[in-house]
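Next come the chains, spelled out residue by residue.
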Amino acid sequence: MRDIILAEENSAKKTVFVLNGPNLNLLGMREPEIYGSDTLDDIAGRLEDQAHKLDLDIDIRQSNHEGHLIDWLHEASADGALGVILNAGAFTHTSIALYDAIKAITVPVIEVHLSNPAAREEFRHKSLIAPVAKGTICGFGALGYQLALDAISQF
Ligand code: DQA
């Protein structure tokens, strides 16, 4: 019996959380010259296909509220997620609470941005979450999410 339970535990698919912050629900129509023409649903569809091939489960969410992102980071950790892909939007540049949340959990978090914030306005040059992220992928548009998933699948 114990062997069967262990086998089931080992075969349980690992989950990757993909958390998106403020204004990312507007992707596709929001400044397409900066963020591209893909909607978040387009990105989600490709990530789901990729996750399927990698034998991973994926949980994709978006919120305009900082506290939701914090709760979901805690949830990812409590659930034993394999990793988190986080595009925190503008909270990247302002949120000590997100920094604290990432620092408080053990699940690796990959920071993703569609644009390259370093090549944009000065106020985007500082990321408060970069020091506590496992790594950062930015400037590759929607492809960045797929690169992040590929990286997490190799953890
Ligand atoms: C962003 C970059 C942030 O500076 C900005 O506030 C966003 C999107 C990106 O994906 O390029 O909302 O995170």
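Look up a bit, the structure's there.
We now turn to the structure provided with this report. (Residues numbered from 1 in each chain as written. Predicted model: local features only at pLDDT ≥ 70, side-chain atom pairs only at ≥ 80, totals over all residues. Heavy atoms only, no water.)

**Observations concerning the packing of aromatic side chains**
Evaluation of the coordinates by the stated rule reveals 0 aromatic pairs. Above the plane of the ring of F155 lies K134, whose end atom (NZ or CZ) is 5.3 Å from the centre. (Phe/Tyr/Trp six-rings, centres within 6.5 Å; stacked < 30°, edge-to-face > 60°. Lys NZ or Arg CZ within 6 Å of the ring centre and 35° of its normal.)

**Regarding the packing of helix α4 (residues 66–78) against helix α5 (residues 96–104)**
At a minimum axis separation of 9 Å, α4 and α5 run at an interaxial angle of 5°. Classified by the angle between their axes, α4 and α5 sit roughly parallel to one another. Contact residues: E66, L69, I70, L73 and H74 in α4; A97, L98, A101 and I102 in α5. Considered class by class, the residues forming the contact of α4 with α5 number 7 nonpolar, 1 polar and 1 charged. (Axes fitted to C-alpha atoms, helices over the stretch in contact; angles between N-to-C directions. Helix = DSSP H or I, 4+ residues; strand = E, 2+ residues; numbered from the N terminus. Parallel < 35°, antiparallel > 145°, perpendicular 65-115°, else oblique. Contact = heavy atoms within 4.5 Å. Nonpolar A, V, L, I, M, F, W, Y, C, P; charged D, E, K, R; others polar.)

**So, the site of the ligand**
What surrounds the ligand is the set R30, Y35, N87, G89, A90, H93, H113, L114, S115 and R124. One of the side-chain nitrogen or oxygen atoms of R30 is found 3.0 Å away from an oxygen atom of the ligand. In the environment of the ligand, an oxygen atom lies 2.6 Å from a nitrogen or oxygen atom belonging to the side chain of S115. For the ligand, the cavity whose grid points lie within 2 Å of the majority of its atoms is the largest cavity. In the shell around the ligand, the residues fall into 3 nonpolar, 5 polar and 2 charged. (Near = heavy atom within 4 Å. Polar contact = N/O pair within 3.5 Å; in protein donor to acceptor, adjacent residues only side chain to side chain. 1 Å grid on protein atoms, 1.4 Å probe; cavity = no way out; pocket = protein on both sides within 12 Å on 5 of 7 lines; lining within 4 Å. Sits in = over half its atoms within 2 Å of the grid points.)

**Details of α4**
Over its 13 residues, α4 extends 19 Å from the first C-alpha to the last, a length consistent with the 18 Å expected when each residue adds 1.5 Å. Burial in α4 covers these residues: L69, I70, W72, L73 and A76. Angular distribution of buried residues about the axis of α4 spans 165°; they occupy a single face of the element. Against β1 (15–20), β2 (57–62), β3 (83–87), α5 and β4 (109–113) lie the buried residues of α4. Looking one or two residues past α4, G80 carries a phi angle of roughly 70°, positive in sign. (Expected span 1.5 Å × (residues − 1). Buried < 20%, exposed > 50% of the residue type's maximum accessible area, 1.4 Å probe, protein only. Arc of directions from axis to C-beta.)

**Topic: the sheet that holds β4**
The strand order β2-β1-β3-β4-β5 describes an open sheet built from 5 strands, whose pairing is parallel. Strands with a single pairing partner mark the edges of an open sheet, and in this sheet they are β2 and β5 (135–138). Adjacent strand axes in the sheet meet at a mean angle of 20° when their direction is disregarded. On top of the sheet, helix α6 (residues 143–153) reaches β1, β2, β3, β4 and β5; it is set at about 160° to β3, its chief contact. (Pairing = 2+ DSSP bridges.)

**Observations regarding empty space enclosed by the protein**
It is a probe the size of a water molecule, rolled over the atoms, that shows where empty space is left. Enumeration according to the criterion identifies 1 cavity of 30 Å³ or more in this entry. Of the pockets and cavities examined, the largest cavity occupies roughly 140 Å³. Every residue lining the largest cavity is counted, 13 residues in all, and those nearest its centre are Y35, G89, H113, S115 and R120. For the lining of the largest cavity, the class distribution of residues is 5 nonpolar, 5 polar and 3 charged. (Points joined across faces, edges and corners; volume = space filled by probe spheres on them.)

In short, the description is geometric, and any link to function would need to be established separately.
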